[in-house]
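# Overview (structure and organization)
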Amino acid sequence: MKKISIVISLLVAIVFPSLGQGLNSTDSITVAGRIINVVEGKPRTIIVNECDYASDSVREITEIDSAGNFNVRIPFSFPHTFTLNYDVRNYINAFAAPGDSVFVEIDASLNPVGIRFGGDKATVSREYNSAIEDLSSIFSCNFPSFKSAADEFIASFVKHVETGRNAIDRYASEHDISDEVKRMLYTENMYALANQAMDYEGRDSVDCRKFFLNPIFDIFNEENTKVMYFPYHLSKVLMYAPEIIETAPKGIVRDLMYVRAFEESEGEMNLRREDFYLPGYYDRLFASEATCAPIKIDGIAPGDIMVCHNGKVKSIKSVNPLEWLLKEYSGYPLYLDVSATWCGPCIANLNASEGLRKHYAGSDMVFAVIWLRSSQDAWKKITPKISNAVHIFIPDNEMGDLIMKYLSVGGFPSHYMISRGGEIKGNVPNYLSNELPLFLDSHLNP
């Protein structure tokens, strides 16, 4: 194994000479690699998900060059797992700490894709990624009723956690994985199960508090922050025990509590930099206003799209869909929604805002929806039911990835405003925001 690690390290240094630069950085990581055996028709993009649950979490979409290489730097405030996504269904799990450089070689000809890690934390990432794939069945279970008493529910939960630990112990022995990865898997197992129990409501709030604050979760243990499911558990803890943040020890866990509490209070908390254990994390999330700089879209290669308007569907060949939208509705203010057919909140928001779009039907405000990573059959069924909007279906996942990159789409749904002059801006009120009507009025009467 040592010889292989040396070879990969040399490969990283030769192919990506810039990879070693800035390794003393305390607020980011470099993710680089190569996708080999890419056949025609396969995507030439890769998505790096930071997997920090803050709303400012980074989802960087980067193109591979003619040799299949990619190299991207993303913000990273504390050690934790993150993912790379290639060709929709292929998720690669990795681990890094601020300042690390991670190298991944992906063989696109294999199903599932072949993966080789290099750079910092290569051993941890390799062992962790393989284990997550091999042990996927232990991270799901059947709980008793979510309305059952806390003691009954906790007993079932503890039993599932112990079953998972035993499976991890057997796997670790058979595959000779490190103690560090084994501890991460223990935590992953527990919080993956807890994530499935998010809907637990017990008989009352006392039951919920008893479950989500159970000592088994050890919520102030900073080792828990290494796995992506942990912060979501904190949101439930703060729901049923908001006062806990006042006695939380200063550290990464309290920082994550601050982030969640701030977002749920819609920015009403008075957070101070000196309260944070990681001042750089505060600077990134709170110290500066969100950018409203115009978005450029000229890097999206032309392709085929489908458009549905007023119940009529037509195919349009070889266009940049955003440039087509700007040209088709030149001079009109345009409110843009980016959604997916499988996204429940997307459909709910669009259905709930029928009245709003109807209100503006007599104006020159245009509403458009771009559907990404979606089923064409589902799109054809859904769009006729959502009126007063132009629906654009993107059949090509690679084009969809580029749209997400250039619009900086962090999740579905996302919303944008296109001015009469064709300027695109994000960070605008969403469909269900009380601020949206006044915001749209301001674009009708500049």
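Residues numbered from 1 in each chain as written. Predicted model: local features only at pLDDT ≥ 70, side-chain atom pairs only at ≥ 80, totals over all residues. Heavy atoms only, no water.

## As for the overall build of the protein
For the protein, the helix and strand inventory stands at 15 helices and 15 strands. Whereas a compact globule of 446 residues would reach a radius of gyration of roughly 22 Å, the protein reaches 24 Å, a difference of no more than 12%. Along the first, second and third principal axes, the C-alpha atoms of the protein reach 65 × 60 × 45 Å. Across the 446 residues of the protein, 51% fall into the buried class. (Helix = DSSP H or I, 4+ residues; strand = E, 2+ residues; numbered from the N terminus. Rg over C-alpha atoms; globule rule 2.2 N^0.38 Å. Buried < 20%, exposed > 50% of the residue type's maximum accessible area, 1.4 Å probe, protein only.)

## Side note on the nonpolar core
With 43 residues, the main nonpolar core has Phe157, Phe211, Ile219, Met257 and Tyr281 as its most contacted residues. Elements that contribute at least two residues to this core include exactly helix 3 (150-175), helix 4 (179-196), helix 5 (205-212), helix 6 (230-240), helix 7 (244-247), helix 8 (252-264) and helix 9 (279-287). With seven residues, the single largest contributor to this core is helix 8. Discounting residues that sit within four places of it in the chain, Phe157 has contacts with Phe143, Met190, Leu193, Ala194, Phe211, Ile216 and Phe217. One finds Leu336, Leu402, Ile403 and Val409 within the second-largest nonpolar core, a separate group that totals 36 residues. (Core = buried A, V, L, I, M, F, W, Y, C linked by side-chain atoms within 4.5 Å. Contact = heavy atoms within 4.5 Å.)

## Side note on the sheet that holds strand 10 (residues 312-319)
The seven strands lie next to each other as 10-9-13-12-11-14-15, forming an open sheet whose pairing is mixed. At either end of the open sheet lies a strand with only one pairing partner, and these are strand 10 and strand 15 (424-425). One ladder, built from six bridges, connects strand 11 (residues 334-339) with strand 12 (residues 366-371); its direction is parallel. Bridge pairing links Val338 to Ile370 in strand 12. (Pairing = 2+ DSSP bridges.)

## Here's the deal with the state of the cysteines
For the coordinates displayed, the defined rule picks out one disulfide. The disulfide partner of Cys343 is Cys346, and the gap between their sulfur atoms is 2.4 Å. Residues Cys343 and Cys346 are joined by a disulfide whose S-S torsion is about 80°; by sign, that bridge is right-handed. With no disulfide partner, Cys308 has as its closest neighbouring cysteine sulfur the one in Cys346, 17 Å distant. Of the residues examined, Cys308 reaches a relative accessible area of 3% and is grouped as buried. (Disulfide = S-S within 2.5 Å.)

## Quick look at the pairing of strand 14 (residues 414-418)
By the criterion of burial, strand 14 is predominantly enclosed, with five of the five residues buried. Side chains Ser414, Tyr416 and Ile418 of strand 14 all project onto a buried face; the interleaved residues His415 and Met417 project onto the opposite face, where all are buried too. When strand 11 meets strand 14, the two strands line up antiparallel, connected through five bridges. In the sheet register, Leu336 faces strand 14, and the bridge partner there is Tyr416. In this sheet, strand 15 lies alongside strand 14 in antiparallel orientation, the contact comprising two bridges. Paired with Met417 across the bridge in strand 15 is Lys425. In this structure, the hairpin formed by strand 14 and strand 15 is closed by a connection of five residues, where Gly422 is found at a positive phi of approximately 85°.

## Some details on helix 14 (residues 397-407)
Every buried residue of helix 14 is accounted for by Met399, Gly400, Asp401, Leu402, Ile403, Met404 and Leu407. Just downstream of helix 14 lies Ser408, where phi reads positive at about 55°.

## Things to note about unusual backbone geometry
For the bond from Asn111 to Pro112, the omega torsion is 0°, close enough to zero to count as cis. As for its position among the elements, Pro112 is in the loop between strand 7 (101-107) and strand 8 (114-119). For Ser318, which is not glycine, the phi dihedral falls at a positive 50°. Within the element layout of this structure, Ser318 appears in strand 10.

## What about the confidence of the model for the protein?
Residues of the protein with pLDDT of at least 70 account for 92%, and the chain-wide mean is 87. Low pLDDT, under 50, characterises residues 1-24; the predicted model gives this stretch 33 contacts beyond four residues in sequence or across chains. (pLDDT = per-residue confidence, 0-100.)

## Considerations on the packing of helix 3 against helix 5
Close contact between helix 3 and helix 5 brings their axes to 9 Å; oriented N to C, the two are set at 25°. Here helix 3 lies roughly parallel to helix 5, going by the angle between them. Taken as a pair, helix 3 and helix 5 cross one another with a handedness that is right-handed. Between helix 3, through Ala150, Asp151, Phe153, Ile154 and Phe157, and helix 5, the contact on the second element is made entirely by Asp207, Lys210 and Phe211. Grouping the constituent residues of the contact of helix 3 with helix 5 by class yields five nonpolar, no polar and three charged. (Axes fitted to C-alpha atoms, helices over the stretch in contact; angles between N-to-C directions. Parallel < 35°, antiparallel > 145°, perpendicular 65-115°, else oblique. Left-handed = near helix turned anticlockwise from the far one by under 90°. Nonpolar A, V, L, I, M, F, W, Y, C, P; charged D, E, K, R; others polar.)

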